[in-house]
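An overview of the molecular structure
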Amino acid sequence: MSWISRQWQRLRENILREQATPEFIARGWAIGMFYGCTIPFGFQLVLSIPTAFILKGSKIGATVGTFVTNHFSIFIIYPVQCWIGNRLLGGSLSYGAISAALRDLVKEQSWDSLLQIGEELVSAFFTGGMLFAAIFTPLTYFGVRALVRRHRARKAAKLGSEKRNG
């Protein structure tokens, strides 16, 4: 089994293990995805967990859902997000320039390096992030809800079959 298959299986098990309504579980995962797309890595949990309390969603999902952006994926997702956001804003930043600026920011991790990336790139980050969130948040909600419902229906059918046969 490949690494990606194992990670998908682990994620699926985390979703299905939670004992709550499919809507509650899906709401939490959608909250996590929303903040994973829109808020810079490291600040997401500060917002996703309180939002899950307010909107009555899974705190586990709100936490793990933010991990769409992690130490590995941000080197792919953030440059693409910023490039798309920059294009939507009519900017002219190249993908290479965006990628280099973000790499420097991650390497330095200082306020100075954050301020040096410029207003245009920050605007592009949030614009691209809002587009990603507009696409992936509903997909996450409906996908997780369907996954939980389908799993529970199969489980109930299996239990019903065992009771009839046993």
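On a predicted model such as this, the values are computed, not experimentally measured, just so you know.

Here we take up the nonpolar core. Counting ten residues, the largest nonpolar core is built from I15, L16, I25, A26, W29, A30, Y141, V144, L147 and V148. For this core, the elements supplying multiple residues, two or more each, are α1 (3–17), α2 (22–38) and α8 (119–165). Among residues more than four places away in sequence, those in contact with W29 are L11, I15, G61, A62, V64, G65, T140 and V144. One finds L102, L105, I117 and L121 within the second-largest nonpolar core, a separate group that totals nine residues.

Moving on, we get to unusual backbone geometry. In this structure, K56 is a non-glycine residue whose phi angle is positive, near 55°. Of note, K56 is situated in the loop between α3 (44–54) and α4 (59–64).

It is the contact of α2 with α3, at a shortest axis distance of 9 Å, that shows an interaxial angle of 155°. In terms of orientation, α2 and α3 fall into the roughly antiparallel class. In this structure, α2 meets α3 at a crossing whose hand is right-handed. Residues I31, Y35 and G36 of α2 form the contact with α3, whose participating residues are Q44, L47, S48, T51 and A52. Of the residues assigned to the contact of α2 with α3, the class counts are four nonpolar, four polar and no charged.

Next up on the list: the side chain of Q81. Relative to the assigned elements, Q81 resides in helix α5 (residues 74–88). Taking relative accessible area as the criterion, Q81 reaches 1% and is therefore assigned buried. Contact partners of Q81, with chain neighbours within four places excluded, come to C37, A124, F125, G128, G129 and F132.

So, on to α5. When the terminal C-alpha atoms of α5 are compared, their 20 Å separation across 15 residues agrees well with the 21 Å that a helix rising 1.5 Å per residue should span. Among all positions in α5, only I74, Y78, P79, Q81, C82, G85 and N86 are buried. End-on, the buried residues of α5 take up no more than an arc of 160°, which puts them together on one face. Along α5, the residues that are exposed and aim more than 90 degrees away from the buried face are I76 and L88.

Okay, the packing of aromatic side chains next. Tallying each qualifying case throughout the model produces five aromatic pairs. With 5.0 Å between their ring centres and 85° between their planes, Y78 and F125 make a pair best called edge-to-face. Of the two residues, Y78 is situated in helix α5 and F125 in helix α8; the sequence distance between them amounts to 47 residues. The exposure class of Y78 is buried, given its relative accessible area of 8%. Here F125 and F126 contribute two aromatic rings whose centre-to-centre distance is 5.1 Å and whose plane-to-plane angle is 90°, an arrangement assigned as edge-to-face. One aromatic cluster is present, formed by Y78, F125 and F126 through successive ring pairs.

The full count for this structure, using the stated rule, is zero disulfides. The thiol of C82 is not disulfide-bonded; the next cysteine sulfur, from C37, is found 12 Å away. Overall, the relative accessible area of 0% leaves C82 in the buried class.

Per the counting criterion, the structure on display carries one salt bridge. The residue E23 makes a salt bridge to R149 at a minimum N-O spacing of 2.5 Å. Remark: R149 occurs in helix α8 and E23 occurs in helix α2; sequence separation between them is 126 residues.

Criteria and thresholds
- Per-chain numbering applies: the sequence of each chain, read as written, is numbered from 1 onward.
- Predicted model: local features are reported for residues with pLDDT of at least 70 only, side-chain atom pairs are reported and counted for 80 or more only, and whole-chain, interface and lining totals are derived from all residues.
- With hydrogens and water excluded, all non-hydrogen atoms of the structure serve as input to the side-chain values.
- Buried Ala, Val, Leu, Ile, Met, Phe, Trp, Tyr and Cys residues form a nonpolar core when they are joined through side-chain atoms within 4.5 Å.
- Whether a residue is buried, partly exposed or exposed follows from its accessible area with a 1.4 Å probe, protein chains only, as a fraction of its type maximum: under 20%, in between, or over 50%, in that order.
- A run of DSSP states H or I qualifies as a helix once it reaches four residues; a run of E qualifies as a strand once it reaches two. Both are numbered from the N-terminal end.
- Contact criterion: two residues are considered in contact whenever any of their non-hydrogen atoms come within 4.5 Å of each other.
- Lines fitted to C-alpha atoms define the axes, with helix axes restricted to the stretch in contact, and inter-axis angles between N-to-C directions lie between 0 and 180 degrees.
- Note on angle classes: values under 35 degrees are labelled roughly parallel, values over 145 roughly antiparallel, values of 65 to 115 roughly perpendicular, and the remainder oblique.
- Take the far helix as your reference; a near helix turned counterclockwise from it by less than a right angle gives a left-handed crossing, and one turned clockwise gives a right-handed crossing.
- Side-chain classes are defined by residue name, with Ala, Val, Leu, Ile, Met, Phe, Trp, Tyr, Cys and Pro counting as nonpolar, Asp, Glu, Lys and Arg as charged, and the others, Gly among them, as polar.
- A helix is expected to reach a length of 1.5 Å times the quantity of its residues less one.
- Each C-beta atom gives one direction from the helix axis, and the arc is the one those directions make.
- Classification of ring pairs uses Phe, Tyr and Trp, with its six-membered ring standing for Trp, and accepts pairs whose centres are within 6.5 Å; under 30 degrees between planes counts as stacked, over 60 as edge-to-face, and the remaining range as tilted.
- The rule for a disulfide is simple: a pair of cysteine sulfur atoms within 2.5 Å.
- Counted as salt bridges are all cases of a side-chain nitrogen of Lys or Arg within 4 Å of a carboxyl oxygen of Asp or Glu.

Distances and angles like these do not, on their own, reveal function.
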